[in-house]
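# Descriptive structure summary
Each chain is listed here by its residues.
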Amino acid sequence: MGLGTNLLQFAIKKARQRGIKRICGSLTQEDINNNFNLIRWCKKYGLEILPPSPENIENAVFGISLDLKEKLN
C-alpha cells in the first residue's frame with residue numbers, strides 16, 4: 001500500500017470514530033492528468049464517482065463519495 005491508501009484508511013477510521021456517515025470530495029482534470037490510475041484507485045477503495053455538484057469546487061470534473069456505513073476493501 002502506498003501513502004495515499006494509508007491516508008485514506010486513516011481518514012476513514014477517524015471519520016467513523018467521529019460518527020461521520022459520508023465523506024465527499026472532488027477530482028479535477030489536473031488530478032486525473034497527474035495520476036491516470038486515480039479513478040480506478042478511488043473505485044477500488046469504494047469511492048463512488050459522481051457528476052460534480054454545486055458544492056464541489058468550481059473546476060471539478062467528478063465528485064467522489066464514500067458511504068462510511070460500508071466497509072473499506
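Predicted model, so just to flag it, every value in this text is computed and none were measured.

Here we take up the sheet that holds strand E2 (residues 48-50). Each strand in a sheet pairs with its neighbour through backbone hydrogen bonds, running either in the same direction (parallel) or in the opposite one (antiparallel). Taken together, the 3 strands give an open sheet; going across it, the order is E1-E3-E2, and neighbouring strands pair in antiparallel fashion. Each having just a single partner strand, strand E1 (22-28) and E2 make up the two edges of the open sheet. Here the strands of the sheet are splayed against their neighbours by 30° on average, with no regard to which way each runs. Bridge count between E1 and strand E3 (residues 60-67): 7 bridges; the pairing is antiparallel. Residue pairing in the sheet places isoleucine 23 in a bridge with leucine 66 of E3.

The next thing to look at is the nonpolar core. Side chains of nonpolar character tend, in soluble globular proteins, to be buried together. Core analysis: the largest hydrophobic core is formed by 11 residues, namely Leu8, Ile12, Ala15, Leu27, Leu38, Cys42, Tyr45, Leu47, Ile64, Leu66 and Leu68. Among the elements of the structure, helix H1 (3-17), helix H3 (38-44) and E3 are those that each provide at least two residues to this core. With 3 residues, H1 is the largest single contributor of residues to this core. Those residues within four positions of alanine 15 in sequence are excluded, and the remaining contacts are Ile20, Ile23 and Leu68.

So, on to the confidence of the model for the protein. Averaged over every residue, the pLDDT of the protein is 87; residues scoring 70 or more account for 89%. Averaged over each element, pLDDT in the protein is lowest for E3 (89) and highest for H3 (94).

With the rule as written, the count across this model stands at 2 salt bridges. Between arginine 22 and glutamate 48 there is a salt bridge, with its nearest N and O atoms 3.7 Å apart. Separated by 26 residues along the polypeptide, arginine 22 in strand E1 and glutamate 48 in strand E2 bring together distant segments of the chain. A residue is classified by how much of its surface remains accessible, and arginine 22, at 38% relative accessible area, is partly exposed. Among the salt bridges present, the one from aspartate 67 reaches arginine 22, with a minimum N-O distance of 4.0 Å. With a gap of 45 residues between them, aspartate 67 in strand E3 and arginine 22 in strand E1 connect regions that are remote in the sequence. In the salt-bridge network here, residues are joined through shared partners; they are Arg22, Glu48 and Asp67.

The rules behind each value
Residues numbered from 1 in each chain as written. Predicted model: local features only at pLDDT ≥ 70, side-chain atom pairs only at ≥ 80, totals over all residues. Heavy atoms only, no water. Pairing = 2+ DSSP bridges. Helix = DSSP H or I, 4+ residues; strand = E, 2+ residues; numbered from the N terminus. Axes fitted to C-alpha atoms, helices over the stretch in contact; angles between N-to-C directions. Core = buried A, V, L, I, M, F, W, Y, C linked by side-chain atoms within 4.5 Å. Buried < 20%, exposed > 50% of the residue type's maximum accessible area, 1.4 Å probe, protein only. Contact = heavy atoms within 4.5 Å. pLDDT = per-residue confidence, 0-100. Salt bridge = Lys/Arg side-chain N within 4 Å of Asp/Glu carboxyl O.

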